[in-house]
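Architecture and fold: a report
Below, each chain spelled out in residue letters.
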Amino acid sequence: MIYIGSHVSMKAPDYMLGSIREALSYDANACMIYTGAPQNSRRVPIGKFKLDEAKKLMEANHFQMERVIVHAPYIINLANSVKPETAQFGVEFLSEELKRVSQIGAKTLVLHPGAHMKAGVETGSQWIVNGLNEVLDQDESDIVIALETMAGKGSEIGSRFEELAAIIDQIHKKERVKVCLDTCHIHDAGYDLTQFDQVLEQFDQILGLENLAVLHINDSKNERGARKDRHENIGSGHIGFETLVRIVHHPKLDDITKILETPYIDSRPPYKEEIARLLAWKE
Ligand code: FE
Ligand code: FE
Ligand code: ZN
């Protein structure tokens, strides 16, 4: 079984109910939501999310709660040692976010590891470790934080599997921190997705395949190694349909939730068509 969907909106008046409706309209059996706008920290109370109605709709459509992925907002930067108040804000927001994810009933929270703001990968990574430990030591849920592989633009940490492994190695509750692999990001970071079995082999050796929690399936507007992070529609970019579809259908990734974050085309979401094309493929 392939579990595939896209990011969907989470907005007034229907919130989670609207998100699930949107996912179903794409014939998806998975989705990714933000608990509010990804660029800010304003959040409405979960009481407004229409969760009960959403859950009924999910049940009626055999849409599993474990296939609802939550993405933390981009403003969280645990690595910011240059502005400690930003890192501290990230710790507090992340704690609150875990509570929201738990109220929703979702199991996985995707988080960008952070940017070191020129303090260096080592310092930034240590701040990420400390921030994550501070949050997780006090959190009793079993929600998994999936650190996303990054393109390496600016001072982003996490564009090499080794950088993520160095962080996870120092986490107290290791079972709570896994990885979200974004195809656009690792392509932009320099990994050759045409040799995907080798990439997966590296991932397994450095991070362990059992620690792969989520896949983001995106094409890229840029050449391999460009360190840009500009997503492109499936088959229209430098990764290409053939490579992406083989990742989606890869037997070792069967149970991993796959999420599209490709751009709208002429102000319309492309997800229904992209999902259908990816699923229809036969070798
Ligand atoms: Fe992301
Ligand atoms: Fe992503
Ligand atoms: Zn991206």
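One numbering rule holds for all chains: residues counted from 1, following each sequence as written. Chains and ligands are labelled sequentially in the order written, the chains with letters from A and the ligands with numbers from 1. The predicted origin of the model limits local features to residues at a pLDDT of at least 70 and limits the giving and counting of side-chain atom pairs to 80 or more, whereas totals for whole chains, interfaces and linings rest on all residues. Hydrogens and water are ignored here; the side-chain numbers use all heavy atoms of the structure.

**Brief notes about the coordination of the iron ion (ligand 1)**
Filter applied, for reference: For Na, K and Ca the donor cutoff is 3.2 Å, while for all other metals N, O and S atoms count as donors only within 2.8 Å; water does not appear among the atoms, so some sites may look incomplete. Counting from the N terminus, the helices are the DSSP runs of H or I reaching at least four residues and the strands are the DSSP runs of E reaching at least two. Burial status follows relative accessibility: with a 1.4 Å probe on protein chains alone, a residue under 20% of its type maximum counts as buried, one over 50% as exposed, and anything between as partly exposed.
On the protein side, the iron ion (ligand 1) has His71 (NE2), His112 (NE2) and Glu148 (OE) as donor atoms, found 2.1 to 2.3 Å from it. When the donors of the iron ion (ligand 1) are listed by position in the chain, the intervening gaps give H-x40-H-x35-E. In this structure, the iron ion (ligand 1) lies 3.4 Å from the iron ion (ligand 2), and both are coordinated by Glu148. Taken together, the positions of His71 in strand E3 (residues 68-71) and Glu148 in strand E5 (residues 144-148) put the pair 77 residues apart, joining distant regions of the chain. Like His71, the residue Glu148 is buried in the burial classification.

**Considering the pairing of strand E6 (residues 177-182)**
For clarity, the cut-off: Only strands joined by at least two bridges in the DSSP assignment are considered to pair. The crossover handedness rule: strands pointing away from the viewer, path from first strand over the helix to second strand clockwise, crossover right-handed.
For E6, the buried fraction is high: 5 of the 6 residues fall into the buried class. Taken together, the 4 bridges between E5 and E6 define a ladder with parallel strand orientation. The residue bridging Glu148 from the neighbouring strand is Cys180, located in E6. Read as a crossover between parallel neighbours, the route from E5 over helix H5 (residues 161-168) to E6 is right-handed.

**Description of the packing of aromatic side chains**
Convention followed: Only Phe, Tyr and Trp rings take part, Trp by its six-membered ring, and two of them pair if their centres are within 6.5 Å. Stacked means planes under 30 degrees apart, edge-to-face means over 60, and tilted covers everything else.
All told, the structure shown has 7 aromatic pairs when counted by the stated rule. Arranged with centres 4.4 Å apart and planes meeting at 20 degrees, the rings of Phe161 and Tyr191 form a pair that is stacked. Taken together, the residues span a long stretch of sequence, with Phe161 in helix H5 and Tyr191 in the loop between helix H6 (183-188) and helix H7 (196-206) at a distance of 30 residues. Across this residue pair, the class does not change: Phe161 and Tyr191 are buried. An aromatic cluster of three or more residues is present, and its members are Tyr26, Tyr264 and Tyr271.

**Quick word on the sheet that holds E3**
We apply this condition: Axis definition: a line fit to C-alpha positions, over the contact stretch in the case of helices; interaxial angles, taken between N-to-C directions, run 0 to 180 degrees.
Judged by pairing direction, the barrel is parallel, and its 8 strands sit side by side in the order E1-E2-E3-E4-E5-E6-E7-E10 before closing back on the first. Strand-to-strand twist across the sheet, computed as the mean angle between neighbouring axes with direction ignored, equals 30 degrees. In terms of strand pairing, strand E2 (residues 30-33) meets E3 through 3 bridges, oriented parallel. If you follow Ile33 over to E3, its bridge partner there is Val70.

**Section: the pattern of salt bridges**
Put simply, the rule is: Each reported salt bridge corresponds to a side-chain nitrogen of Lys or Arg within 4 Å of a carboxyl oxygen of Asp or Glu.
Across all of its chains, the model carries 15 salt bridges by this definition. For the salt bridge of Lys153 with Asp229, the shortest nitrogen-to-oxygen distance reads 3.3 Å. Highlighted residues: Lys153 in the loop between E5 and H5 and Asp229 in the loop between strand E8 (219-220) and strand E9 (231-232), separated in sequence by 76 residues. The class of Lys153 is partly exposed, set by a relative accessible area of 35%. Each of Asp14, Arg21 and Lys50 takes part in a single network of salt bridges with overlapping partners.

**Regarding the coordination of the zinc ion (ligand 3)**
Put simply, a metal with four donors set out as a tetrahedron has ideal angles of 109.5 degrees, and one with six donors set out as an octahedron has ideal angles of 90 or 180 degrees. Around the zinc ion (ligand 3), the protein supplies His185 (NE2), Asp229 (OD) and His231 (NE2) as donor atoms, at distances of 2.0 to 2.3 Å. Along the chain, the residues donating to the zinc ion (ligand 3) fall in the pattern H-x43-D-x1-H. Metal-to-metal, the separation of the zinc ion (ligand 3) and the iron ion (ligand 1) is 5.3 Å. With His185 in helix H6 and Asp229 in the loop between E8 and E9, this pair connects stretches of sequence that are 44 residues apart. Using a relative accessible area of 17% as the deciding quantity, one classes Asp229 as buried.

**A look at the nonpolar core**
Selection criterion: Nonpolar cores are built from buried Ala, Val, Leu, Ile, Met, Phe, Trp, Tyr and Cys residues. Side-chain atoms within 4.5 Å join them into one set. Note on definitions: a residue-residue contact is assigned when non-hydrogen atoms from the two residues lie within 4.5 Å.
If you look at the biggest cluster of nonpolar residues, it comprises 80 residues, and the most contacted ones within it are Met16, Ile33, Val68, Leu94, Leu111, Leu132 and Leu147. For Leu132, the residues in contact, after removing those within four places along its chain, are Leu78, Leu94, Leu111, Ile145, Leu147, Ile167 and Ile171. The next biggest cluster of nonpolar side chains, apart from the first, holds 9 residues, and it includes Val110, Ala146, Val214 and Ile259.

**As for unusual backbone geometry**
In the segment running from Ala12 into Pro13, the intervening peptide bond is cis, with an omega of 0 degrees. Note on placement: Pro13 falls in the loop between strand E1 (4-7) and helix H1 (15-25). The phi dihedral of Lys50 falls on the positive side, at around 55 degrees, and the residue is not glycine. Examined against the element boundaries, Lys50 turns out to sit in the loop between E2 and helix H2 (51-60).

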